[in-house]
Amino acid sequence: MNTLSLADAVEKLPYVGPAYAKRLNKLGIITIEDLIFHFPFRYDDFSLISSINRIQPGETLTIRAKILEFRNEHTRNGKKIQKAVVADNSGSTEIIWFNQPYLSKVLRVGETYQFSGKADWFGRKIVFVSPEYEKTLISNIQSPTSDSLHTGRLVPVYPETYGISSKWLRSRIKAALQIFGEKIEEFLPPEIVKKNNLLSEQEAIRLIHFPENKSQAELSRKRLSFDELFLIQLAGRLRKKDWQKKFSGYQFKIFPAETKKFVDSLPFKLTAAQEKVWSEISADLERKEPMNRLLQGDVGSGKTVVAAIAIYNAFLNNFSSVFMAPTEILATQHYQTLTNFFSPFKIKVELVTSSHRQLNPTEDKSPKIIVGTHALLFKKPPEKVGFIVIDEQQRFGVEQRAQLLKESSEEKIPHLLTMTATPIPRTVALTIFGDLDLSFLNEMPKGRLVVKTWVVPPFKREDAYRWIRKLVKGTSQQAFIICPLIEESETLATSRAAKSEYQQLSEKIFPDLKLGLLHGRMNTTEKDQVIDDFRRGKLDILVSTPVVEVGIDIPKATIMMIEAADRFGLAQLHQLRGRVGRNKIESFCLLFTENSDPKAIKRIKFMESKNIGMELAEIDLRLRGPGEIYGTKQHGFPDLKIASFADLDLIEQTRKAADSLLATDFSLLQNTNSPLNKKLKKYKIIQEISN
Ligand code: ADP
Ligand code: MG
């Protein structure tokens with residue numbers, strides 16, 4: 001027993017064994033340590049201890065009583081129920097369970113148990129229904145027993161899986177803590193523990209499972225949430241240091257006069273925000289470390305131009321640039337935009353997509369601009385690429401960066417700019433993207449009209465259709481109709497829903513109008529065709545799935561109608577709404593929902609009054625939590641075990657702690673065997689700092 005360590009396989013624990021271990025693996029529990037770090041997601045509060053004569057119906061409580069009678073009965077409809085009569089000094093009561101005949105083998109008449117659960121009316125009697133039960137050693141009912149696990153206290157409830165109940169987990173975790181509790185190491189420096197009023201790691205682990213009261217549960221949750229956010233941020237900072245140390249970039253010279261000429265050639269003046277972001281980017285380009293920056297800006301805030309200015313400077317430094325978009329349609333759109341920007345300057349822009357394979361390897365090696373989908377990453381262009389733009393990439397360029405790091409055998413890598421319209425509150429962004437520098441375009445170009453937005457109740461659907469018809473029929477205006485979000489990524493089900501919606505609309509509702517259908521299962525030629533038709537005004541209405549074409553730009557589209565709007569995050573709705581209102585014609589967004597839950601409606605009603613993506617994201621963060629907003633996997637958010645991205649104060653605290661550790665005490669990180677380093681590794685997020 002003494003030879004076991006926390007890192008050993010969980011099946012080595014007494015009463016676990018290979019069969020349970022296999023089930024535990026489904027919960028991500030491989031080692032004994034994993035088991036100890038399997039945290040409850042709530043507690044049942046059974047800490048109210050009562051004598052039987054004082055039981056009130058509706059109360060959740062614990063009694064300690066002797067079983068006088070136990071019997072299995074069959075109900076009239078053939079179900080089995082179990083009944084027990086139990087008594088303490090004050091009186092007696094009845095307990096029933098449903099369909100648990102094995103209880104007759106577990107519970108013994110004449111013995112005393114603790115029962116925890118809810119008292120309720122059953123016919124005219126007050127009974128206990130399916131309480132938890134437990135045999136405990138302590139006889140004094142007034143002092144809750146520290147050895148009780150399932151009754152008489154705050155009882156932890158865990159994420160479960162088939163064959164692994166919370167009850168089972170409780171007893172195994174308790175046993176594991178008895179053996180290993182003392183071996184849990186403190187990995188935070190004492191100053192951080194003290195400064196932030198944290199419990200010790202050992203105590204936090206013990207109390208998260210078996211708190212004696214709510215405040216202990218709260219304190220342990222705080223400590224363990226601190227750990228998680230701290231480690232994520234520290235790992236991010238370390239990755240950043242790593243990036244800066246391992247790679248050098250191409251130190252560019254910035255050409256202010258030429259830049260001004262380029263900007264003057266644009267049909268508009270830059271916003272102050274665009275100027276500011278350009279100055280942040282140009283400062284990066286002048287450094288010898290490669291840039292690794294995330295630019296956030298609402299749809300239409302003008303990110304592309306900023307990237308174009310950087311591209312122009314790369315060109316003036318004799319470097320090619322690569323511009324990657326998530327889809328071919330967007331790549332084509334960017335190709336056109338960039339061609340317009342750069343044709344007066346005689347700079348070659350090339351489009352590379354699966355349908356337009358145009359990498360001309362030998363022809364000419366002069367610097368140029370290569371636009372394509374992110375598949376470009378896996379083709380080596382012949383030119384010297386000094387700057388890469390990753391636009392609207394769902395996972396914020398995580399894979400792209402990884403690929404670049406992997407590929408780059410040479411020590412120099414291009415500057416990297418990732419752009420997204422997904423608004424993420426600054427504090428959260430700083431946490432998740434600790435390895436990136438951040439820029440925000442927090443101002444829209446002047447003269448943009450606010451898109452008028454309404455949540456439309458079901459009974460007004462017909463009116464809404466009539467109104468849409470009036471606006472688009474025989475005019476140059478056009479409408480998007482977005483089908484419900486069924487799953488995060490476009491599945492067969494989503495495409496099917498779009499198809500049937502399209503059929504229904506074109507046959508029954510708008511037989512007199514021209515409709516088009518766009519979904520992710522169409523091939524590129526079909527998609528291009530539909531979008532082109534829509535762009536040219538050959539269609540009045542485009543019915544589309546939500547996941548296609550975030551950045552698509554159709555100036556004459558003035559109506560955005562979204563089905564089942566309550567299924568979307570506010571930030572997502574805002575992004576979709578950004579498809580309209582792109583020129584000077586008044587534009588509208590109609591949010592349909594069949595959901596009658598007042599909370600759901602109140603949430604999407606924020607769309608009527610709020611017009612800034614970041615504000616909407618923050619509201620959603622508070623109302624729904626981050627997973628719900630962004631789809632965690634889709635955006636490469638780390639899965640949090642215990643902390644929450646909505647806990648902005650704790651994020652701030654942990655950020656300061658991580659920064660101060662990096663600023664003052666590097667020794668903990670240099671010693672690969674320090675508990676902190678082991679912890680970072682355990683989180684699978686450390687990149688060895690090779691000093
Ligand atoms: P996004 O940030 O969504 O990628 P774009 O870069 O596509 O936005 O810009 C949206 C539209 O706004 C484009 O038509 C672009 O030419 C225009 N635009 C960009 N900057 C400005 C500006 N400062 N003033 C006016 N229009 C601008
Ligand atoms: Mg864009």
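These figures come from a predicted structure and were not determined experimentally. (Residues numbered from 1 in each chain as written. Chains lettered and ligands numbered in written order. Predicted model: local features only at pLDDT ≥ 70, side-chain atom pairs only at ≥ 80, totals over all residues. Heavy atoms only, no water.)

The helix and strand inventory of the chain stands at 24 helices and 20 strands. Counting the 691 residues in the chain, one finds 52% classified as buried. Here the analysis covers contacts within the chain between residues at least 6 apart in sequence; of these, 72% occur between residues at least 24 apart. Of the roughly 32,200 Å² that the chain leaves accessible, carbon and sulfur atoms contribute 51%. (Helix = DSSP H or I, 4+ residues; strand = E, 2+ residues; numbered from the N terminus. Buried < 20%, exposed > 50% of the residue type's maximum accessible area, 1.4 Å probe, protein only. Contact = heavy atoms within 4.5 Å. Areas by Shrake-Rupley, 256 points an atom, 1.4 Å probe, with all protein chains shown as cover.)

With 87% of its residues at a pLDDT of 70 or more, the chain has an overall mean of 85. Mean pLDDT values over the elements of the chain span from 44, in helix 21 (residues 632-635), up to 97, in helix 10 (residues 303-316). This model gives residues 628-636 a pLDDT under 50, and the stretch forms 31 contacts once residues within four places in sequence are excluded. With pLDDT under 50 throughout, residues 684-691 is counted as low confidence; its partners more than four residues away or in other chains account for 21 contacts. (pLDDT = per-residue confidence, 0-100.)

Attention shifts here to the nonpolar core. If you look at the biggest cluster of nonpolar residues, it comprises 41 residues, and the most contacted ones within it are Ile281, Leu285, Leu338, Phe342 and Phe387. Sorting elements by how many residues they give to this core places helix 10 first, with nine residues. Leave out the neighbours within four places in its chain, and Leu338 touches Ala308, Phe323, Val349, Ile369 and Val371. By size, the runner-up hydrophobic cluster in this structure holds 34 residues, among which are Leu6, Ile32, Ile184 and Leu199. (Core = buried A, V, L, I, M, F, W, Y, C linked by side-chain atoms within 4.5 Å.)

Glancing now at helix 10. Here helix 10 contains 14 residues, and its C-alpha end-to-end distance of 20 Å stays within 8% of the 20 Å for a straight helix at 1.5 Å per residue. Within helix 10 the residues assigned to the buried category are Lys303, Thr304, Val305, Val306, Ala307, Ala308, Ile309, Ala310, Ile311, Tyr312, Asn313 and Ala314. In the stretch just after helix 10, Asn318 is the one whose phi turns positive, near 70°. (Expected span 1.5 Å × (residues − 1).)

Along strand 18 (residues 541-544), one buried face is formed by Ile541 and Val543 and the opposite face, lined by Leu542 and Ser544, is buried too. Bridge analysis of strand 16 (residues 478-482) against strand 18 gives four bridges, and the strand direction is parallel. Each residue of the ladder has a partner; that of Ala479, found in strand 18, is Ile541. The β-α-β motif built from strand 17 (residues 515-518), the intervening helix 16 (residues 524-535) and the parallel element strand 18 has right-handed crossover chirality. (Pairing = 2+ DSSP bridges. Right-handed = clockwise from strand over helix to strand, strands pointing away.)

Quick look at the site of ligand 1 now. Neighbouring ligand 1 are 16 residues; Lys269, Gly300, Lys303, Thr304 and Arg448 lie closest to it. The side chain of Lys303 places a nitrogen or oxygen atom 2.8 Å from an oxygen atom of ligand 1. Considered on its own, ligand 1 offers 560 Å² of accessible surface; in the complex 77% of this is hidden by protein. Looking at the shell around ligand 1 element by element, the count peaks at three residues for helix 10. Tallied by class, residues from the shell around ligand 1 come to five nonpolar, six polar and five charged. (Near = heavy atom within 4 Å. Polar contact = N/O pair within 3.5 Å; in protein donor to acceptor, adjacent residues only side chain to side chain. Nonpolar A, V, L, I, M, F, W, Y, C, P; charged D, E, K, R; others polar.)

The next point concerns the packing of helix 18 (residues 598-609) against helix 19 (residues 613-624). Interhelical geometry of helix 18 versus helix 19 gives an angle of 170° and a closest axis separation of 11 Å. Taken together, the axis directions place helix 18 and helix 19 in an arrangement best described as roughly antiparallel. Contacts between helix 18 and helix 19 pair Arg603, Phe606 and Met607 from the former with Leu616, Ile619, Asp620, Leu623 and Arg624 from the latter. In terms of residue class, the contact of helix 18 with helix 19 is made up of five nonpolar, no polar and three charged. (Axes fitted to C-alpha atoms, helices over the stretch in contact; angles between N-to-C directions. Parallel < 35°, antiparallel > 145°, perpendicular 65-115°, else oblique.)

According to the stated counting rule, one finds 21 aromatic pairs in the structure shown. Arranged with centres 5.7 Å apart and planes meeting at 55°, the rings of Phe37 and Phe39 form a pair that is tilted. For the pair shown, Phe37 and Phe39 are each scored as buried. With a centroid separation of 6.2 Å and 35° between ring planes, the pair formed by Tyr312 and Phe342 is classed as tilted. Of the two residues, Tyr312 is situated in helix 10 and Phe342 in helix 11 (residues 328-342); the sequence distance between them amounts to 30 residues. (Phe/Tyr/Trp six-rings, centres within 6.5 Å; stacked < 30°, edge-to-face > 60°.)

Packed helix pairs are specified by the crossing angle of their axes together with the interaxial distance, meaning the distance between the axes. Look at helix 8 (residues 256-264) against helix 10: their axes get within 10 Å of each other, and the N-to-C directions meet at 140°. Considering their axes alone, helix 8 and helix 10 lie oblique with respect to each other. Crossing angle aside, the handedness with which helix 8 passes helix 10 is right-handed. Residues Glu258, Thr259, Phe262 and Val263 of helix 8 touch helix 10, and the partners they reach there are Ala308, Ile309, Tyr312, Asn313 and Leu316. Residues that form the contact of helix 8 with helix 10 fall into these classes: six nonpolar, two polar and one charged. (Left-handed = near helix turned anticlockwise from the far one by under 90°.)

In this section: the side chain of Gln478. Position of Gln478 among the secondary structure elements: in strand 16. Residue Gln478 is classed as buried on the basis of its relative accessible area, which comes to 2%. A distance of 2.6 Å separates a polar atom in the side chain of Gln478 from the backbone oxygen of Phe534. Apart from the residues lying within four places of it in its own chain, the contact partners of Gln478 are Val472, Phe534, Gly537, Leu539, Asp540, Ile554, Lys556, Ala557, Thr558 and Ile559.

Attention now moves to the sheet that holds strand 2 (residues 60-74). Strand order in this closed barrel of five strands is 2-3-4-6-5, and the pairing throughout is mixed. Going from strand to strand, the sheet's axes swing by 50° on average, the running direction of each strand aside. Across three bridges, the pairing between strand 4 (residues 91-98) and strand 6 (residues 125-134) is parallel. Residue Ile95 lies in a different strand from strand 6, and its bridge partner there is Phe128.

The next subject is helix 8. Taken together, the buried positions of helix 8 are occupied by Thr259, Phe262 and Val263. Mapping the buried residues of helix 8 onto a view down its axis gives an arc of 95°, with all of them on the same face. Residues of helix 8 that are exposed and angled more than 90 degrees away from the buried face: Ala257, Lys260, Lys261 and Asp264. On its buried face, helix 8 is in contact with helix 9 (272-285), helix 10 and helix 11. (Arc of directions from axis to C-beta.)

Scanning the model with the defined rule gives 33 salt bridges in all. We note a salt bridge from Glu111 to Lys135, for which the minimum N-O separation is 3.1 Å. Separated by 24 residues along the polypeptide, Glu111 in the loop between helix 3 (103-106) and strand 5 (112-122) and Lys135 in the loop between strand 6 and strand 7 (154-157) bring together distant segments of the chain. Of the charged contacts, one joins Lys538 and Asp533 as a salt bridge, the two residues approaching to 3.7 Å between their closest N and O atoms. Via salt bridges that share partners, Glu186, Glu201, Arg223, Asp227 and Lys679 belong to a single interconnected network. (Salt bridge = Lys/Arg side-chain N within 4 Å of Asp/Glu carboxyl O.)

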